[in-house]
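Structural characterization, general
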Amino acid sequence: MISIRSLYWPGFVLGMLLMTTISCVGFAMFFGINQRTLLDIQASGEPVWTPPPPTPTAEVQLAQAPRSSTDATEYAFRIGETVRNITSSRVNIRRSPGYRGKSGDDILAQAQPGDSVVINAGPNEADSLLWWLVQYQSPSGVITEGWMAEATGSGVVIMGP
């Protein structure tokens, strides 16, 4: 047998829902709320909100003008100058300037921290970096000629006095 107490909460919830529905319908009938469509509002000539026109803003120029390889005073290094790896990590010396989309065989050698290189040519811009053709002699005496970046993409300087 079902006790009266077990029906209290379901009955309470149903009663509240019924009272809420009756109250909302009565409120709508009393204040005369009716359904209006977007077409009714537009056809009535009432002012309608429209978004403001976009405000033009100045564009920031991030790219620098291309550098001329004929003006040697513009660059940090000169051909024939000896510079070294001033980072605390190994730096790749590559077959060609650039690092994006290259296979592993593009790396000819790695200059250790503090190792010196002689600049033979450059600079050449690739992958938004300046690359110098350098001659590198490894600690074992092997001489390699390849391209070394002046700095990393994040701005860490690689080559210095």
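See above for the structure.
This report concerns the structure included in the present document. (Residues numbered from 1 in each chain as written. Predicted model: local features only at pLDDT ≥ 70, side-chain atom pairs only at ≥ 80, totals over all residues. Heavy atoms only, no water.)

Right, let's talk about the packing of aromatic side chains for a bit. For any pair of aromatic rings, the description consists of the separation of the ring centres together with the inter-plane angle of the planes. The tally for this structure, following the rule as stated, stands at 4 aromatic pairs. Considering the side-chain rings of Tyr-8 and Trp-9, the 5.0 Å spacing of their centres and the 80° angle between planes classify their relative orientation as edge-to-face. Between Trp-9 and Phe-12 the ring centres are 5.7 Å apart and the planes differ by 80°, which places this aromatic pair in the edge-to-face class. Taken together, the residues span about one helical turn, with Trp-9 and Phe-12 both in helix α1 (residues 8-31) at a distance of 3 residues. Residue Phe-12 is classed as partly exposed on the basis of its relative accessible area of 39%. Ring-pair connections join several aromatic residues into one group, and the members of that group are Tyr-8, Trp-9 and Phe-12. (Phe/Tyr/Trp six-rings, centres within 6.5 Å; stacked < 30°, edge-to-face > 60°. Helix = DSSP H or I, 4+ residues; strand = E, 2+ residues; numbered from the N terminus. Buried < 20%, exposed > 50% of the residue type's maximum accessible area, 1.4 Å probe, protein only.)

Turning our attention to the nonpolar core. Counting residues in hydrophobic clusters, the biggest one holds 22 residues, and the most contacted among them are Val-117, Ile-119, Trp-132, Val-134, Met-148 and Met-159. For this core, the secondary-structure elements that each account for two or more residues are β2 (91-94), β3 (107-111), β4 (116-126), β5 (129-137) and β6 (143-149). In terms of residue count, the dominant contributor to this core is β5 (7 residues). Not counting chain neighbours up to four residues away, the residues in contact with Ile-119 comprise Phe-77, Arg-78, Ile-79, Gly-80, Glu-81, Val-83, Trp-132, Leu-133, Val-134 and Met-159. (Core = buried A, V, L, I, M, F, W, Y, C linked by side-chain atoms within 4.5 Å. Contact = heavy atoms within 4.5 Å.)

Turning our attention to the environment of Thr-144. Residue placement: Thr-144 occurs in strand β6. Counting along the chain gives 51 residues from Thr-144 to Ile-93, while the straight-line C-alpha distance between them is 8.4 Å. Not counting residues within four places of it along the chain, the set of residues in contact with Thr-144 comprises Leu-108, Ala-109, Val-134, Gln-135 and Tyr-136.

Attention now moves to a nonpolar patch on the surface. A cluster of nonpolar side chains, namely Tyr-8, Trp-9, Phe-12, Val-13, Leu-14, Met-16 and Leu-17, defines an oily patch on the protein surface of about 780 Å² accessible area. Along the polypeptide, Met-16 turns up in helix α1. What makes Met-16 partly exposed here is its relative accessible area of 45%. (Patch = residues over 30% accessible without salt bridge, like charges linked within 9 Å, V, L, I, M, F, W, Y side chains within 5 Å. Areas by Shrake-Rupley, 256 points an atom, 1.4 Å probe, with all protein chains shown as cover. Salt bridge = Lys/Arg side-chain N within 4 Å of Asp/Glu carboxyl O.)

The tally for this structure, following the rule as stated, stands at 2 salt bridges. Linking Asp-106 and Arg-94 is a salt bridge whose minimum nitrogen-to-oxygen distance equals 3.1 Å. Placement of the pair is Asp-106 in the loop between β2 and β3 and Arg-94 in strand β2, with a sequence separation of 12 residues. You can call Asp-106 buried: its relative accessible area is 6%. Among the ionic contacts, a cluster of salt bridges with common partners joins Arg-94, Lys-102 and Asp-106.

A separate point is unusual backbone geometry. Apart from glycine, the bulk of residues carry a negative phi angle, and the bulk of peptide bonds sit in the trans form. The amide bond that connects Gly-122 to the next residue, Pro-123, takes the cis arrangement and shows omega of 0°. Residue position: Pro-123 is located in strand β4. The phi dihedral of Asp-127 falls on the positive side, at around 55°, and the residue is not glycine. Structurally, Asp-127 can be placed in the loop between β4 and β5. Even without glycine at this site, Ser-128 takes up a positive phi of about 65°. Among the residues examined, Ser-128 registers a relative accessible area of 64% and is labelled exposed.

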